[in-house]
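Structure at a glance
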Amino acid sequence: MPDTVTTHQAEDDARNAAILIYVNGKLLPRAEATISVYDSGFMLGDGVWEGLRLYNGRWAFLDEHIARLFEAAKAIDLKIGLDPAGVIAALEDTRAANGMQTDAHARLMLTRGVKTRPFQHPGLSRSGPTFVIIMEHSRPSLPRPIRLATVPHLRGLPMTQDPKLNSHSKLNCILACIAAEKAGADEALMLDVHGFVNTTNACNFFIVRKGAVWTSTGDYCMNGITRAKVIELCRANGIPVYERNFSLVDTYGADEAFLTGTFGAQTPVGEIDGRVIGTGRLGPMTERIRDLYGALIASDGRPT
Ligand SMILES: Cc1ncc(COP(=O)(O)O)c(C=O)c1O
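Residues numbered from 1 in each chain as written. Predicted model: local features only at pLDDT ≥ 70, side-chain atom pairs only at ≥ 80, totals over all residues. Heavy atoms only, no water.

1. Re the overall build of the chain
Each helix and strand in the chain was counted, giving 7 helices and 15 strands. Computed over C-alpha atoms, the radius of gyration of the chain comes to 19 Å, within 12% of the 19 Å expected from 2.2 N^0.38 for 304 residues, which places it in the range of a compact globule. Each principal axis of the C-alpha atoms in the chain carries an extent, and together these give about 55 × 40 × 40 Å. Across the 304 residues that make up the chain, the buried fraction comes to 48%. For the chain, the share of sequence-separated contacts (at least 6 apart) that also reach a separation of at least 24 residues comes to 71%. For the chain, the accessible area works out to roughly 14,500 Å², and carbon and sulfur atoms hold 54% of it. (Helix = DSSP H or I, 4+ residues; strand = E, 2+ residues; numbered from the N terminus. Rg over C-alpha atoms; globule rule 2.2 N^0.38 Å. Buried < 20%, exposed > 50% of the residue type's maximum accessible area, 1.4 Å probe, protein only. Contact = heavy atoms within 4.5 Å. Areas by Shrake-Rupley, 256 points an atom, 1.4 Å probe, with all protein chains shown as cover.)

What follows is the structure, encoded as structure tokens:
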């Protein structure tokens, strides 16, 4: 058995075979939840998405996620056809139909819709957006800290495909992840165009050095909601935190490294490019931040 771990690994849950999936206002069993082969998302990766997590009956940081989705849709000039309340109603209908109360993850996907012909021009997508919500029972479960490898794929400049956009097409990140796997790691650590350490293919990246928490400037990476919450929590709890440029030298020599994302909250990193980071296990600062984040979620987003 290959020792494969991913940041989006969850406990097996047999209930996921029977989930209902939201497709353009209908709630359909998995096997019937299909879209056209002419869909802009399938054909061209033309769409945006958002990932949310349900804890104790509440979607964590719901307003921030909905705002980011609407901002992304506006950026790609996609009319959602619903207001934020309508999107939240669809999310809640899907949750209710699946009887989910906690430990669920939702992926909201909006594409430019079904095209009239199989070509790129957005004018061929006239039928309005396709809106899908996949909601799964989900408890993150990692057998060990993540191993990362740096890869040749960079986080690009904002005038090409802005890396802040949660675009359907993730090809750059997928190629980065494939390269990391081929190098014997789990996922990719990606550098920015100047060679500074930026982010991973699917999560934001932090290091801990001498009691201080460092992350990239925020340029070239996803404006992660978990990233922002971690920075806020550090500031509120007297933990020095810096958004700055730093290199692989700083990174290999860090005491701890961890990833952030809605799915896994804070994920420890054990190894980067074959160098063990700190003890190679969950470090005390990562654990402290994880506890603070858990308390923030439990308080429904209000700092305690
Ligand atoms: C490339 C990338 N980085 C980071 C994140 C984490 O963002 P968030 O904390 O908002 O889930 C995501 C998730 O959408 C992502 O796709």
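2. Some words on helix 5 (residues 225-236)
The end-to-end C-alpha distance of helix 5, which contains 12 residues, comes to 16 Å, matching closely the 16 Å that a straight helix rising 1.5 Å per residue would cover. When we look at burial in helix 5, the residues that qualify are Ile225, Thr226, Arg227, Lys229, Val230, Ile231, Leu233 and Cys234. Backbone geometry just downstream of helix 5 places glycine 238 in the positive-phi region, at approximately 70°. (Expected span 1.5 Å × (residues − 1).)

3. Things to note about the layout of surface pockets
Here the largest pocket defines a volume of roughly 780 Å³. Around the largest pocket, the lining is made up of 35 residues, and of these His8, Trp49, Arg107, Ala202 and Cys203 lie nearest the centre. Of all elements in the fold, only strand 3 (47-55), strand 5 (104-111), strand 6 (130-137), helix 4 (171-182), strand 9 (197-200), helix 5 and strand 13 (256-261) reach the threshold of two or more residues within the lining of the largest pocket. In terms of residue class, the lining of the largest pocket is built from 11 nonpolar, 17 polar and 7 charged. Put simply, the second largest pocket is a space of about 430 Å³. (1 Å grid on protein atoms, 1.4 Å probe; cavity = no way out; pocket = protein on both sides within 12 Å on 5 of 7 lines; lining within 4 Å. Points joined across faces, edges and corners; volume = space filled by probe spheres on them. Nonpolar A, V, L, I, M, F, W, Y, C, P; charged D, E, K, R; others polar.)

4. Focus on the site of the ligand
Around the ligand, 14 residues are found, and the nearest of them are Arg68, Met222, Ile225, Thr226 and Thr262. The side chain of arginine 68 places a nitrogen or oxygen atom 2.8 Å from an oxygen atom of the ligand. Contacts to the ligand include asparagine 166, whose side-chain N or O atom sits 3.4 Å from an oxygen atom. Calculation on the ligand without its partners gives an accessible area of 390 Å², and the protein chains cover 94% of this total. More than half of the atoms belonging to the ligand lie within 2 Å of the grid points that define the largest pocket. Of the residues belonging to the shell around the ligand, the class tally is 5 nonpolar, 7 polar and 2 charged. (Near = heavy atom within 4 Å. Polar contact = N/O pair within 3.5 Å; in protein donor to acceptor, adjacent residues only side chain to side chain. Sits in = over half its atoms within 2 Å of the grid points.)

5. Thoughts on the nonpolar core
Trp59, Leu91, Leu108, Phe131 and Ile133 are the most contacted members of the largest nonpolar core, which has 32 residues in total. Of all the elements in the fold, those that place two or more residues in this core are strand 1 (20-23), strand 3, helix 2 (62-75), helix 3 (84-98), strand 5 and strand 6. Excluding anything up to four places from it in sequence, phenylalanine 131 contacts Tyr22, Val23, Asn24, Leu82, Val87, Ala90, Leu108, Met109 and Leu110. Of all hydrophobic cores here, the second largest spans 20 residues; its members include Phe206, Val213, Cys234 and Leu292. (Core = buried A, V, L, I, M, F, W, Y, C linked by side-chain atoms within 4.5 Å.)

6. Focus on the packing of aromatic side chains
The geometry of an aromatic ring pair is captured by two quantities: the separation of the ring centres and the angle between the planes. A complete count under the given rule lists 4 aromatic pairs for this structure. Judged by centre distance (5.9 Å) and plane angle (70°), the ring pair of tryptophan 214 and phenylalanine 246 falls under edge-to-face. Of this pair, tryptophan 214 sits in strand 11 (residues 212-215) while phenylalanine 246 sits in the loop between strand 12 (241-243) and helix 6 (248-252), placing them 32 residues apart in sequence. Judged on exposure class, the residue tryptophan 214 and its partner phenylalanine 246 are both buried. Its guanidinium or amino end placed over the ring of tryptophan 49, arginine 107 lies 3.7 Å from that ring's centre, counting from NZ or CZ. One Lys or Arg, arginine 244, reaches over the ring of tryptophan 214 and ends 4.2 Å from the middle of that ring. (Phe/Tyr/Trp six-rings, centres within 6.5 Å; stacked < 30°, edge-to-face > 60°. Lys NZ or Arg CZ within 6 Å of the ring centre and 35° of its normal.)

7. Some words on empty space enclosed by the protein
Following the criterion strictly, the structure yields 1 cavity of 30 Å³ or more and no others. Quantified by volume, the largest cavity comes out at close to 30 Å³. Along the walls of the largest cavity sit Arg53, Tyr55, Ala60, Phe61, His65, Ile225, Thr226, Thr262, Tyr293 and Ile297, which together make up its complete lining. Looking at the lining of the largest cavity, the elements that each hand over two or more residues are strand 3, helix 5 and helix 7 (284-298). Partitioned by chemical class, the residues of the lining of the largest cavity number 6 nonpolar, 3 polar and 1 charged.

8. Some remarks on the packing of helix 5 against helix 7
The geometry of helix 5 relative to helix 7 is characterised by a closest axis approach of 10 Å and an angle of 105° between their N-to-C directions. The angle between the axes of helix 5 and helix 7 places the two elements in the roughly perpendicular class. Touching Thr226, Lys229, Val230, Leu233 and Cys234 of helix 5 are Ile289, Leu292, Tyr293 and Leu296, all from helix 7. When grouped by side-chain class, the residues that make up the contact of helix 5 with helix 7 number 7 nonpolar, 1 polar and 1 charged. (Axes fitted to C-alpha atoms, helices over the stretch in contact; angles between N-to-C directions. Parallel < 35°, antiparallel > 145°, perpendicular 65-115°, else oblique.)

9. Concerning a nonpolar patch on the surface
Together, Ile35, Val37, Tyr38, Phe42 and Val114 make up a nonpolar patch on the protein surface, roughly 460 Å² of accessible area in all. Tracing the sequence through the fold places valine 37 in the loop between strand 2 (26-29) and helix 1 (40-44). Exposure remark for valine 37: the relative accessible area of 55% places this residue in the exposed category. (Patch = residues over 30% accessible without salt bridge, like charges linked within 9 Å, V, L, I, M, F, W, Y side chains within 5 Å. Salt bridge = Lys/Arg side-chain N within 4 Å of Asp/Glu carboxyl O.)

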